[in-house]
Amino acid sequence: MLLIALGCVALLLGGSLLYPGFLKPGYILQQLQIAAFLGIIATGAMLVILLGEIDLSVPWTITGTAIVVISASGSSNPLVASLAIPLGLCLGIAVGLLNAIGVAVFRVPAMVWTLAVNAMLFGAAVFYTGNSRPNGEVPWPATQAATGRTFGIPNAFLVWLVVAAITIWVLKRTVYGNYLYALGNSRRAVFLAGARVRLVMVATFVLAGVFSSFGAILLLGYTNQAYQGMGDPYLMPVISAVVIGGTSIQGGRGNYIGTFAGAIFITLLSSILSVMQMPPAARQIIFGAIILVMLLVHGLTNKKEGI
């Protein structure tokens, strides 16, 4: 955690050398606003990784949610238009359930199943939109939550703080949180102890889907448009934020404060790369390298501890 904080400070100082306004309060608040979208999506990813699994359906859950919300809000039916945001969240729940069925019930490796679900979402989105941008208006609550401010602080960041507080409480103070860590460490031991392993796994994947959709709704309010591939740039940064935050990719270890700081670190890094006009491909290489380095660090740590 201390290393991440020092890394954020180093990025701020380094960014100020490239862009004089990097340390201005307005710019920092803007970065916290952008980090909120990544951080909320990373919340669900962290829960799945704590379980010892991974969710690769994040990109098109984000894109699909944005398409559903903006299409529903532009509907001529007032009832459908008023339910645009709930319908978007329902898509996240449906994707989470589908992922849970494959991983928890049929015991297909999460990497394979969620990647296949992501491909299905991609195909469904292209089929529905005809490979063009959907027409519709962004719901006002999404715009207000994403771009509004309260006492000068971005609403998106305040929403993220609420999500963070609830997540920390759930992980530390509830039975679900205890089971989540225990399953990540030894699924067999938890099963033999009489816990409802499948139920915990289903709840985790559903929560991951909801957080991906919730983040997508805020992102939609910020960009004011939905488009193909909207969620593609988020998969590597989301995983990077979780892993940098200290969550073991093998499950069972990690805390949300680390993920919170990791999301800010990745956002600042992305901002610097953007200022340097780094192409998207190079950014993906950097994010991938970060994940590999953290995996090596975790591997060496576990080896020293005899795990």
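It should be emphasised that the depicted structure is a prediction, and the values quoted were computed from it without experimental measurement.

A. Inspection of the pattern of salt bridges at higher detail. Using the criterion set out here, one finds 1 salt bridge in the structure. Glu-53 serves as the salt-bridge partner of Arg-187, at 3.0 Å between the closest nitrogen and oxygen. Taken together, the residues span a long stretch of sequence, with Arg-187 in helix H10 (residues 187–192) and Glu-53 in the loop between helix H2 (25–50) and helix H3 (58–73) at a distance of 134 residues.

B. Molecular detail of the nonpolar core. Ranked by size, the top nonpolar core spans 85 residues in total, and within it Trp-160, Leu-171, Leu-220, Tyr-256, Ile-264, Phe-265 and Ile-266 carry the most contacts. Here this core gets 15 residues from one element, more than from any other, and that element is H2. Other than its neighbours up to four places away in sequence, Ile-264 contacts Cys-8, Leu-32, Ala-35 and Trp-160. Counting residues in each nonpolar core, the second largest holds 6 residues, with Ile-67, Val-95, Leu-121 and Ala-125 among its members.

C. How the structure looks around empty space enclosed by the protein. By the definition in use, this model includes 1 cavity of 30 Å³ or more. Each pocket or cavity is described by its volume, and for the largest cavity that value is around 40 Å³. Along the walls of the largest cavity sit Ala-45, Ile-49, Ile-54, Asp-55, Val-58, Leu-235, Val-238 and Ile-239, which together make up its complete lining. The set of elements that each furnish at least two residues to the lining of the largest cavity consists of H2 and helix H12 (235–244). Top element by residues in the lining of the largest cavity is H12. It accounts for 3 residues. Partitioned by chemical class, the residues of the lining of the largest cavity number 7 nonpolar, no polar and 1 charged.

D. Region of interest: the layout of surface pockets. Of the pockets and cavities examined, the largest pocket occupies roughly 580 Å³. In this structure, the largest pocket is lined by 23 residues; those nearest its centre are Ile-34, Pro-233, Tyr-234, Ser-270 and Arg-283. Broken down by secondary-structure element, the contributors of at least two residues to the lining of the largest pocket are H2, helix H11 (197–223), helix H13 (256–275) and helix H14 (280–304). When residues of the lining of the largest pocket are assigned to their parent elements, the largest contribution, 6 residues, is made by H13. Its residues placed into classes, the lining of the largest pocket shows 15 nonpolar, 7 polar and 1 charged.

E. Looking closely at unusual backbone geometry. Residues other than glycine seldom take positive phi values, yet Arg-107 does so here, at roughly 60°. By the secondary structure assignment, Arg-107 is in the loop between helix H5 (84–105) and helix H6 (110–129).

F. Structural context of H3. With 16 residues, H3 extends 23 Å from end C-alpha to end C-alpha; this agrees with the ideal 22 Å at 1.5 Å per step. Of all 16 residues that make up H3, 15 are buried, and the element is covered over most of its length.

G. Representation of the side chain of Thr-61 in the model. Relative to the assigned elements, Thr-61 resides in helix H3. Of the polar contacts made by the side chain of Thr-61, one reaches the backbone oxygen of Ser-57; its length is 2.6 Å. For Thr-61, the residues in contact, after removing those within four places along its chain, are Leu-91, Gly-92, Val-95, Leu-121, Gly-209, Ser-212 and Ser-213.

H. Representation of the environment of Ile-49 in the model. Residue position: Ile-49 is located in helix H2. You can call Ile-49 buried: its relative accessible area is 1%. Ile-49 sits 198 residues away from Thr-247 along the chain, and the two C-alpha atoms are 7.5 Å apart.

I. Focus on the packing of H3 against H11. Look at H3 against H11: their axes get within 8 Å of each other, and the N-to-C directions meet at 55°. When the interaxial angle is binned, H3 and H11 end up oblique. Along this stretch, H3 crosses H11, giving a crossing that reads as right-handed. Where H3 approaches H11, its residues Val-58, Thr-61, Ile-62, Thr-65, Ala-66, Val-69 and Ile-70 are matched on the opposing element by Gly-209, Ser-212, Ser-213, Ala-216, Ile-217, Leu-219 and Leu-220. Residue composition of the contact of H3 with H11, by class: 9 nonpolar, 5 polar and no charged.

J. Focus on the side chain of Ser-57. Along the chain, the position of Ser-57 falls in the loop between H2 and H3. On the accessibility criterion, Ser-57 (1% relative accessible area) is buried. There is a polar contact of 3.0 Å between the side chain of Ser-57 and the side chain of Asn-99. Aside from chain neighbours lying at most four places away, what touches Ser-57 is Val-95, Asn-99, Thr-114, Val-117, Asn-118 and Leu-121.

Rules of the game
- Residues numbered from 1 in each chain as written.
- Predicted model: local features only at pLDDT ≥ 70, side-chain atom pairs only at ≥ 80, totals over all residues.
- Heavy atoms only, no water.
- Salt bridge = Lys/Arg side-chain N within 4 Å of Asp/Glu carboxyl O.
- Helix = DSSP H or I, 4+ residues; strand = E, 2+ residues; numbered from the N terminus.
- Core = buried A, V, L, I, M, F, W, Y, C linked by side-chain atoms within 4.5 Å.
- Buried < 20%, exposed > 50% of the residue type's maximum accessible area, 1.4 Å probe, protein only.
- Contact = heavy atoms within 4.5 Å.
- 1 Å grid on protein atoms, 1.4 Å probe; cavity = no way out; pocket = protein on both sides within 12 Å on 5 of 7 lines; lining within 4 Å.
- Points joined across faces, edges and corners; volume = space filled by probe spheres on them.
- Nonpolar A, V, L, I, M, F, W, Y, C, P; charged D, E, K, R; others polar.
- Expected span 1.5 Å × (residues − 1).
- Polar contact = N/O pair within 3.5 Å; in protein donor to acceptor, adjacent residues only side chain to side chain.
- Axes fitted to C-alpha atoms, helices over the stretch in contact; angles between N-to-C directions.
- Parallel < 35°, antiparallel > 145°, perpendicular 65-115°, else oblique.
- Left-handed = near helix turned anticlockwise from the far one by under 90°.

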